[in-house]
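# Summary of structural features
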Amino acid sequence: MINVFGRSVGTPSNFTRLILLSALSVALMILDHRGHHLEKIRAGLNVLAYPIQLIASVPAYVGGSIGDFFTTRGTLRQDNEKLLAERQGLNAKVQQFDALEEENARLRRMLGSAAQVADKVLAAELVEVSSEPFTRKIVVAKGSRDGVYVGQSVIDAHGIMGQVTQVASQVSRVTLITDAGHAIPVLDNRSGLRMLVFGTGDPDTLKVPYLTSASDIKEGDLLVSSGMGGTFPPGYPVAQVRRIVNDPNEAFLAITAKPAAQLNHGKQVMLIWRGTPPKSGASAK
Amino acid sequence: MRLGLDAHRRLTLVATCTVAVILAIMPFPAWAEPFRPDWVGLVLIYWCLAMPERFSVGTGWLLGFIQDVLYGSLLGSNALGKTLLAFLTVRLHLQLRMFPRWQQAVSIFGLLIVNQLLVLWIRGAIGQAPDTFIYWTPSVVGALLWPWLFVILRDLRRRGGLT
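The numbering scheme is per chain: residues are counted from 1 as the chain's sequence reads. Key to labels: chains lettered from A, ligands numbered from 1, both in the order written. Thresholds applied to this predicted model are a pLDDT of at least 70 for local features of residues and 80 or more for the giving and counting of side-chain atom pairs; totals over whole chains, interfaces and linings are not thresholded and use all residues. Derived side-chain values reflect all non-hydrogen atoms in the structure, with water molecules and hydrogen atoms excluded from consideration.

## Looking at the sheet that holds strand β11 (residues 222-225) of chain A
Strand order in this closed barrel of 6 strands is β8-β9-β10-β13-β12-β11 (chain A), and the pairing throughout is antiparallel. Geometrically, the sheet is characterised by an average inter-axis angle of 40° between neighbouring strands, direction not taken into account. Whether two strands pair comes down to DSSP finding at least two bridges between them. Secondary structure elements follow DSSP: runs of H or I of four or more residues count as helices, runs of E of two or more count as strands, with numbering from the N terminus. Interaxial angles span 0 to 180 degrees and are taken between N-to-C directions of axes, which are lines fitted to C-alpha atoms, for helices over the stretch in contact.

Written out as structure tokens, the structure is:
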């Protein structure tokens, strides 16, 4: 073994290794963030990670099953009654919906704009694993073999949850609208004001920056997706304005909103495929 | 790990690391989520203290990389944090071993904070930094758990025949 400055060259010192591995990490990060060159590799790694995720989800699954097993008859009956009542209400609404959809299509034809086709929806089970601390991501048990694609919208019964950001063959990862790196274009349902809603990393809070005190927005307003940018379908509930603080020292209002979707509850989400509009809207995804 | 350890000994190392990785992604109820300590970091620190000649920077990188894949986070971000964590621990292992348990816990807190800070910087650089102070709780919880974790892992190490 050769000695260089009193160190043997055969086994690199920890410091050398630190430098080398740090450089490797930085290179990986740049490749991953900048060019998305690692999609293929990541998809492969995700396949390897799947068994570990399954093992990690076992306790929650077993806990859930035990909980289900001990559900009393009373609760079940109550649930059943509630669901029946809910179904009746929904059925009543659907009666109108058919007529409205027809009318809407007619009006759109008269305007000469693309008809809006109903979106295709697929239910997906959640894989019960946590994401990195203080990020808001979930894993769902549907992947590229089910036709899931990056950028696809995910909803639950109450509104938009987020979008698919990574796809492997059996699972995909969904970034929720509350994640600190996420923004979604919305409309105020009352006034039609356009804005962006950002995630904060907090599971129950969204923020709406860049609105001045002259903006027509009130506490309690419903914000629905505007469909701008083409990632999310228009017209789905996103959030409800919770609090508006007008600090004269700040240029913009400090607005917080509460997500419409129940991001922390439930075991199922729905993946949406946008109905492809015929003829004129060829560029829309 | 590669220096000719027999299967039984290696099993202890691999098993503790696997358990740590699984604990890191095991679902908690939403309210408990911020209190989840960095299990992988803690186990890494322990093995770096106990056997720095076998368990150091390379293993730290590997564990961090596995974490990145499982979290779906930016590939390399946790790997970099864990590499630095392993390096610092190995560098300080002689002092850390001498410390009484509580003082050790305080130092471990410092190490965990350095790791978290690095990851926070990286996440800030790509615009995904969480803006809450709760972000630091995992390190506090980790330091508080350290004395017990130390005893458990020492016991496992002795049973596993790793001296």
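There's more to say after this.
## With respect to the side chain of Arg 36 of chain B
All names here are of chain B. Inspection of the secondary structure assignment puts Arg 36 in the loop between α1 (7-25) and α2 (39-50). Residue Arg 36 is classed as buried on the basis of its relative accessible area of 4%. Within the structure, Arg 36 has its side chain in polar contact with the backbone oxygen of Ala 24 (distance 3.3 Å). In protein, a polar contact means a hydrogen-donor-capable atom and an acceptor-capable atom, both N or O and within 3.5 Å, with residues adjacent in sequence counting only if both atoms are side-chain atoms; elsewhere, any N or O pair within 3.5 Å suffices. Here Met 26 takes part through its backbone oxygen, which lies 2.7 Å from a polar atom of the side chain of Arg 36. Throughout this description, buried means an accessible area under 20% of the type-specific maximum (1.4 Å probe, protein chains only), exposed means over 50%, and partly exposed covers the range between.

## Some thoughts on the pattern of salt bridges
Here, a salt bridge means any Lys or Arg side-chain nitrogen found within 4 Å of an Asp or Glu carboxyl oxygen. Under the definition given, this model contains 9 salt bridges over all chains. Close ionic contact of Arg 242 of chain A with Asp 204 of chain A constitutes a salt bridge, the shortest N to O distance being 3.4 Å. Residue Arg 242 of chain A is found in strand β12 (residues 237-245), and its partner Asp 204 of chain A is found in the loop between β9 (194-199) and β10 (206-208); the two are separated by 38 residues along the sequence. In this structure Arg 242 of chain A comes out as partly exposed when scored by relative accessible area, which is 34%. For Asp 204 of chain A, a relative accessible area of 35% corresponds to the partly exposed category. Among the ionic pairs, Asp 38 of chain B bridges to Lys 82 of chain B, the shortest N-O distance being 3.1 Å.

## Some remarks on the nonpolar core
The set of buried Ala, Val, Leu, Ile, Met, Phe, Trp, Tyr and Cys residues whose side-chain atoms join them within 4.5 Å is what this entry labels a nonpolar core. Grouped together as the largest cluster of nonpolar side chains are 57 residues, with contacts concentrated most on Ile 45, Trp 47, Phe 65 and Trp 146 of chain B. Mapped onto this core, the elements with two or more residues apiece are α1 (14-35) and α2 (39-69) of chain A together with α1, α2, α3 (57-71), α4 (77-91), α6 (101-125) and α7 (137-159) of chain B. With 11 residues, the single largest contributor to this core is α2 of chain B. Those residues in contact with Phe 65 of chain B, other than ones at most four positions away along the chain, are Leu 28 and Leu 45 of chain A together with Leu 75 and Ala 79 of chain B. We call two residues contacting when some pair of their heavy atoms lies within 4.5 Å.

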